[in-house]
Amino acid sequence: MKRVGMRCDVGPGAGIGHVMRCLALAEEVRRRGVEIVFVCDAHTVPWAAEQIAARGIGVERAVSTPDEHGELVGRLGLDAVVFDGYDLDPSVYRAVRATGVPTLAVVDGDFRGAEADLLVDQNLSAELDRPNLPPGTIRLAGLQYVMIRDEILALRPSAPPAPRQVAVPKVFAFFGGTDAFGAGAPVVHALVATGVPFEATVVAPTADLSARIAAIQLQPGQHVDVIAPTDQLAAAVREADLTISASGTSTWELLCLGATGGLVCVVDNQVMGYERAIATGTAAGVGVLSELKDDPSSAAAVLKRLLTDPLERARLASAGWKLVDGLGRTRVADALLALI
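The structure displayed is predicted, hence computed values, not measured ones.

**Some points on the sheet that holds strand 12 (residues 261-265)**
- Pairing in this open sheet of 6 strands is parallel, and the strands run 10-9-8-11-12-13 from one edge to the other. Each edge of the open sheet carries a strand with a single partner, namely strand 10 (222-227) and strand 13 (284-288). For this sheet, the mean inter-axis angle between neighbouring strands, taken without regard to orientation, is 20°.
- Alignment of strand 12 against strand 13, held across 4 bridges, turns out to be parallel. Within strand 13, the position partnered with Cys265 by the bridge is Val288.
- Across the sheet, helix 10 (residues 271-279) is in contact with strand 12 and strand 13; its angle to strand 13 comes to roughly 145°.

**Quick notes on the sheet that holds strand 3 (residues 58-60)**
- Within the open sheet, the 7 strands sit side by side as 3-2-1-4-5-6-7. Their pairing is parallel. The open sheet has two free edges, formed respectively by strand 3 and strand 7 (138-141), since each of these has just one partner strand. Pairwise comparison of adjacent strand axes, ignoring direction, gives a mean angle of 20° for this sheet.
- Here strand 4 (residues 80-84) runs beside strand 5 (residues 103-106); their pairing, made up of 4 bridges, is parallel. In the sheet register, Phe83 faces strand 5, and the bridge partner there is Ala105.
- Its contacts with the sheet put helix 1 (residues 17-31) on strand 1 (3-8), strand 2 (35-39), strand 4 and strand 5, and the angle it makes with strand 2 is roughly 165°.
- Contacts from helix 14 (residues 328-337) reach strand 4, strand 5, strand 6 (118-121) and strand 7, with the element oriented near 170° to strand 6.

**With respect to unusual backbone geometry**
- At Ser125, a residue that is not glycine, the phi angle is positive and equals roughly 70°.
- Phi is positive for Asp179, close to 40°, though the residue is something other than glycine.
- Note on placement: Asp179 falls in the loop between strand 8 (170-174) and helix 6 (184-193).

**Here's the deal with the packing of aromatic side chains**
- Counted by the stated rule, this structure contains 2 aromatic pairs.
- Just above the ring of Tyr86 sits the side chain of Arg112; from NZ or CZ to the centre is 4.0 Å.

**Quick look at the nonpolar core**
- If you look at the biggest cluster of nonpolar residues, it comprises 35 residues, and the most contacted ones within it are Met6 and Phe38.
- Looking at which element gives the most residues to this core, the answer is helix 1, with 8 residues.
- Excluding anything up to four places from it in sequence, Phe38 contacts Met6, Cys8, Val19, Cys22, Leu23, Ala26, Ile52, Ile57, Gly58, Val59 and Glu60.
- Core analysis: the second largest hydrophobic core is formed by 34 residues, Leu191, Ala246, Val264 and Leu289 among them.

Rules behind the numbers
- Per chain, the residues get numbers from 1 upward, laid out in the order the sequence is written.
- The predicted origin of the model limits local features to residues at a pLDDT of at least 70 and limits the giving and counting of side-chain atom pairs to 80 or more, whereas totals for whole chains, interfaces and linings rest on all residues.
- Each side-chain value is worked out from all heavy atoms of the structure, with water and hydrogens disregarded.
- Strands pair, by our definition, only if DSSP identifies at least two bridges between them.
- Only runs of H or I of at least four residues qualify as helices and only runs of E of at least two qualify as strands under DSSP, and these elements are numbered from the N terminus.
- Here an axis means a line fitted to C-alpha atoms, over the contact stretch when the element is a helix, while the angle between two N-to-C directions is reported on a 0 to 180 degree scale.
- Whether two residues are in contact is decided by their heavy atoms, any of which lying within 4.5 Å being enough.
- Classification of ring pairs uses Phe, Tyr and Trp, with its six-membered ring standing for Trp, and accepts pairs whose centres are within 6.5 Å; under 30 degrees between planes counts as stacked, over 60 as edge-to-face, and the remaining range as tilted.
- Two thresholds decide whether a charge sits over a ring: the Lys NZ or Arg CZ must be within 6 Å of the ring centre and within 35 degrees of the ring normal.
- What is meant by a nonpolar core is a set of buried Ala, Val, Leu, Ile, Met, Phe, Trp, Tyr and Cys residues, joined one to another through side-chain atoms within 4.5 Å.
- In this scheme, a residue with accessible area under 20% of its type's maximum is buried, one over 50% is exposed, and one in between is partly exposed, where area comes from a 1.4 Å probe on protein chains only.

Next up, the structure:
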């Protein structure tokens, strides 16, 4: 049996987006009879570790140097290596590639020194960019290569969502498995500032974040439930009239699900995806987190429109649903396995 290693970043600061992308590809590759092993510090984010374990996938602790990666490739008998992270030294990519084992690196615009046989940039309009590629590298770019997990694909609607008129809209807000930048509380402040009724469910990974959200004073007709990270995320998104999320990997999952998405740019490396998604009319821009924390008024204006206009919610949901067809991981797996 062939074996593929997936070396990805994960942690309280790095979040779980890299793991989620790798899990989507892992599900597709395993379906074709290939064994998967993750190489990451999943133990630092219990929810991420649970997601990997639930799929029966083994985990090796992350290594950092070129020699350590070379030893790992040989010891595990890997037939290919997938990289997804921002923190690896460029020498690691070169060292693993020099072993002759096929490599794939998932990037977000900036390669950050990544070199591989395949470079995958699954971001909106990435196919329009013309970066200089390392010798012998093939680049797969654009939303046609977005890698979506089974749980999302299972709940993807068969047609664009129709407008849904409700007296009190349901809001679901989540910011990755760690909410590393504390977006939950500022977003709830902005929701409250709309002055309109809503029923919100907000994911808070830590007791501190949960307490900060619970302490926010609501206006009449407004209700907020705070929950821990959930493996029923896709179902929660489908039930919501508005989903608010960080402008990262989860954006493409929201589009695939036909969700009305309100995006928050929580960190600099999300700026490109945030701006492009808003420009194409597939999601609403709630704002940049640092600015939202200082003044929620602009975000509140955006959110009020989304809470009170079912036609606008349906327009955004339909536009996003048409952009992400859910077949991206099949295309990436085809390209990777063709190298083995």
